[in-house]
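As a plain string of letters, each chain reads:
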Amino acid sequence: MTDAKTLRLTREMQQVIDERLSRWESDRCSERLWARDASLWTNADEGEWLGWLDVVDRQLDEVERFSGLSREIGTGRYTDAVLLGMGGSSLCAEVLRETFGRQEGFPVLHVLDSTDPSQIRSVESACDLRRTLFLVSSKSGTTLEPNVLMDAFRGRLERLSGLDGIGERFLAVTDPGSPLEELAKRDGFRAVYHGEPQIGGRYSALSDFGMIPAAVMGLDAADLLRRARTMAAACRPGSSARENPGVHLGLILGALARAGRDKITLILSPALASLGAWLEQLLAESTGKRSTGLIPIDGEPLGEAGRYGPDRQFVQIALRGEDEVVFGALLDRLGAAGHPVVRIDVEDVRDIGAEFFRWEMATAVAGAVLGINPFDQPDVESSKVRTRKLTDLYEESGELPGESPIAEVDGLRIYADPGTAARLSGGRSGASGEEILAAHLASLQDGDYLALLAYLERNEAHEAVLREIRAAVRDARGVATSVGFGPRFLHSTGQAYKGGPDTGVFLQITREETEDLPIPGRKAGFAVVQAAQARGDLEVLVDRGRRVIRIDLGTDVEGGLARLAERIRDLL
């Protein structure tokens, strides 16, 4: 399980990695990491954020908590469980839901990490609210999205006739002493489970932020943790860096990124596909800062080896026996074309607990190679500040500030700041929407990537169209592509978009909401909050000098998205 890894590297790449391996060992870096030596990174506060190193042992010491919770929930009282959270407070739960599915006798787990009204309605329509348990998951206890979602669902439950004990239908997972814990105790929540202050959100999969949802689903949390402990033991000092599964992977990622291959392209077996979104946050938010970083590429349609540029490194995570012929042939072609390829074989889906630890270790190691602090997120707060400013204005005036499109194409409105508008129009007034969009796509250069930032419901229909756009751009321009659904990506890849290398070209996609969902105690409904999040993030991207425009689809989301995809294909 721990060392099931194969490599396809050119001689030059192997030399770069060997040099990094040698330096890691001569500087006794594994020992320093486990000793929580902040000088391994930037000598800031890194040593205070390494609680994930031994969280598995602490969890196994109290593992009865999880089996006890499973016995409580698995009584048939609940048909559904809805987790309200963002980023590191929700992505592990989503991986577990998608990987293992519903367990017999336990509720279906739904993960809601969006302010999109359609997304919220879809989750609500899939549940029997009278038999639904809610998990409010927030490390700080102050995160906007889970708090307003909690308020909305509590309001819905209060309006259902004959329903009592509403507080008993909620669990909280949060750090000790947070405002969420205070609220949960005051309002009689069923239970409060604690995160660890020494573990950042994206490193918290094996803490209660991941294991409490696992227990609610009816999974064997102890088994996941024991498998993680095996990986943690293999990642300790004592073996060479080459034999250390987390260290070796991290040195490969970091060394090749420093050599220009910073687009970490993930190829995942279907059974493990949901791991990609978790890895996106871990890699991008940990390393995307100080104008450097690993840019994770998840879910991009596979192409022939010649479609990929020299900024790529490929990592396959393969479940033994699944699609080996198809993936093996592709990896051979990629390797023959000179692309670095790492293949990690996973024996059993339950080994996903081990992969959580392997990748946490690898990310911390890659951060050391890149010379950054992998445990902070200096650019995330900026978007939150802009959003609060806009929602506060709405609470005062009942409307968001007015804005005007700079052009239209196929009924789609294009928005941009004055500087971007002037650049894309060549300084001419009256440039058409087609010209503006064409100029934006033409700004993609070798080594760049396109990021589609879609403030839409995350569903298969929308994802399919966005995949078509990604494949078209990749094949025509030879650049990497990614997609993020807003606002969830703000708690994930958003850090790298704003703080990482200035190689991103961003296309923000919004829509006009015809029927908002109210939030108790606020003038602003969810559509207003989502619109403020989109505008706030666009403002920050502009402030950072990023290449970004916004396209609004109007009220016909499916039709507008199809027209946008067709127009992009034509322009390419």
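Right, let's walk through the structure included here. The structure presented is a predicted model; accordingly, all values stated were derived computationally and were not measured.

## A short note on the overall build of the chain
Here comes step 1: Within the chain one finds 21 helices and 16 strands.
Here comes step 2: Over its C-alpha atoms the chain spans a radius of gyration of 23 Å, differing by no more than 12% from the 25 Å that the globule rule assigns to 572 residues.
Here comes step 3: On the principal axes, the C-alpha backbone points of the chain span a range of 65 × 60 × 45 Å.
Here comes step 4: A total of 572 residues make up the chain; the buried ones form 62% of that total.
Here comes step 5: By sequence separation, contacts in the chain at least 24 residues apart represent 80% of the contacts at least 6 residues apart.

## Some remarks on helix α7 (residues 144–159)
Here comes step 1: Across its 16 residues, α7 extends 23 Å between first and last C-alpha, which sits within 8% of the 22 Å expected from 1.5 Å per residue.
Here comes step 2: Along α7, the residues that are buried comprise Glu145, Pro146, Asn147, Val148, Leu149, Met150, Ala152, Phe153, Arg154, Gly155 and Leu157.

## Comments concerning the sheet that holds strand β10 (residues 341–346)
Here comes step 1: Read from one edge of the open sheet, 5 strands run β1-β10-β9-β7-β8, paired in mixed fashion. What marks the edges here is a single partner per strand, and that holds for β1 (5–8) and β8 (295–297). For this sheet the average axis-to-axis angle between neighbouring strands, irrespective of direction, equals 20 degrees.
Here comes step 2: Pairing of strand β7 (residues 263–268) with β8 involves 3 bridges; the strand directions are parallel. Bridged to Thr265 within β8 is Ile297.
Here comes step 3: Its contacts with the sheet put helix α12 (residues 275–287) on β7, β8 and β9 (312–319), and the angle it makes with β7 is roughly 160 degrees.
Here comes step 4: Sheet strands in contact with helix α14 (residues 352–370) are β9 and β10, and its direction is about 150 degrees off that of β10.

## Some remarks on the packing of helix α18 (residues 460–477) against helix α21 (residues 557–571)
Here comes step 1: Two elements in contact, α18 and α21, have axes separated by 10 Å at closest approach and are oriented at 10 degrees. In terms of axis orientation, α18 runs roughly parallel to α21. Of the residues in α21, those in contact with His462, Val465, Leu466, Glu468, Ile469, Ala472 and Val473 of α18 are Val557, Glu558, Leu561, Ala565, Ile568 and Arg569.
Here comes step 2: A breakdown of the residues in the contact of α18 with α21 according to their chemical character gives 9 nonpolar, 1 polar and 3 charged.

## Points about the sheet that holds strand β11 (residues 407–409)
Here comes step 1: Reading across the sheet, the 6 strands line up as β11-β12-β16-β15-β13-β14 and stay open at both edges, with mixed pairing between neighbours. The sheet is open, and its two edges are formed by β11 and β14 (480–485), each paired on a single side. Mean inter-strand twist for the sheet, computed between neighbouring axes without regard to direction, equals 25 degrees.
Here comes step 2: In terms of strand pairing, strand β12 (residues 412–415) meets strand β16 (residues 547–552) through 3 bridges, oriented antiparallel.

## A few points about the pairing of β16
Here comes step 1: In terms of residue burial, β16 counts as a mostly covered element, since 6 of its 6 residues are buried.
Here comes step 2: The alternating pattern of β16 places Arg547, Ile549 and Ile551 and Val548, Arg550 and Asp552 on opposite faces, both of which are buried.
Here comes step 3: Two elements, strand β15 (residues 504–510) and β16, share 6 bridges in a ladder whose sense is parallel. Paired with Thr510 across the strands is Asp552, a residue of β16.

## Concerning the nonpolar core
Here comes step 1: Trp278 and Trp359 are the most contacted members of the largest nonpolar core, which totals 95 residues.
Here comes step 2: The element that contributes the greatest number of residues to this core is α14, accounting for 13 residues.
Here comes step 3: Setting aside anything within four residues of it in sequence, one finds Trp278 in contact with Leu91, Cys92, Val95, Arg202, Ala205, Phe356, Trp359 and Glu360.
Here comes step 4: With 34 residues, the next largest nonpolar core counts Leu84, Leu112, Cys127 and Leu157 among its residues.

## What to know about the packing of aromatic side chains
Aromatic ring pairs are reported here in terms of the distance separating the ring centres and the angle at which the planes meet.
Here comes step 1: Applying the stated criterion across every chain, the model contains 15 aromatic pairs.
Here comes step 2: Seen in terms of ring centroids, Tyr308 and Phe314 are 5.0 Å apart; in terms of plane orientation they differ by 80 degrees. Their pairing is edge-to-face.
Here comes step 3: Taking the centre distance of 6.0 Å and the plane angle of 50 degrees together, the rings of Phe489 and Tyr497 count as tilted. This pair shows no difference in class: Phe489 is buried, exactly as Tyr497 is.
Here comes step 4: Through a chain of ring-to-ring contacts, the aromatic side chains of Trp34, Trp41, Trp52, Tyr203, Phe357 and Phe375 assemble into a single cluster.
Here comes step 5: Taking NZ or CZ as reference, Arg550 lies 4.2 Å from the ring centre of Tyr415, over its face.

## Some thoughts on the environment of Ala531
Here comes step 1: Along the polypeptide, Ala531 turns up in helix α20 (residues 526–543).
Here comes step 2: Relative accessible area serves as the criterion here: at 27%, Ala531 is assigned to the partly exposed category.
Here comes step 3: Considering only alpha carbons, one finds Ala531 and Thr387, 144 residues apart in sequence, at a separation of 8.9 Å.

## Remarks on α14
Here comes step 1: Its 19 residues give α14 an end-to-end C-alpha distance of 26 Å, which sits within 8% of 27 Å, the value for a rise of 1.5 Å per residue.
Here comes step 2: Among the 19 residues of α14, 19 are classified as buried, and the element is accordingly described as predominantly covered.
Here comes step 3: Positive backbone phi, approximately 75 degrees, marks Gly371, located one or two places after α14.

## What to know about unusual backbone geometry
Here comes step 1: Between Gly486 and the following residue, Pro487, the backbone shows a cis peptide bond with an omega angle of 10 degrees.
Here comes step 2: One can find Pro487 in the loop between β14 and α19 (494–499).
Here comes step 3: Here the phi dihedral of Arg36 falls at roughly 60 degrees; this positive angle occurs in a residue that is not glycine.
Here comes step 4: One non-glycine residue, Ser291, lies in positive phi territory at about 65 degrees.
Here comes step 5: Overall, Ser291 belongs to the exposed group, its relative accessible area being 56%.

Reading guide: rules and limits
- Residues numbered from 1 in each chain as written.
- Predicted model: local features only at pLDDT ≥ 70, side-chain atom pairs only at ≥ 80, totals over all residues.
- Heavy atoms only, no water.
- Helix = DSSP H or I, 4+ residues; strand = E, 2+ residues; numbered from the N terminus.
- Rg over C-alpha atoms; globule rule 2.2 N^0.38 Å.
- Buried < 20%, exposed > 50% of the residue type's maximum accessible area, 1.4 Å probe, protein only.
- Contact = heavy atoms within 4.5 Å.
- Expected span 1.5 Å × (residues − 1).
- Pairing = 2+ DSSP bridges.
- Axes fitted to C-alpha atoms, helices over the stretch in contact; angles between N-to-C directions.
- Parallel < 35°, antiparallel > 145°, perpendicular 65-115°, else oblique.
- Nonpolar A, V, L, I, M, F, W, Y, C, P; charged D, E, K, R; others polar.
- Core = buried A, V, L, I, M, F, W, Y, C linked by side-chain atoms within 4.5 Å.
- Phe/Tyr/Trp six-rings, centres within 6.5 Å; stacked < 30°, edge-to-face > 60°.
- Lys NZ or Arg CZ within 6 Å of the ring centre and 35° of its normal.

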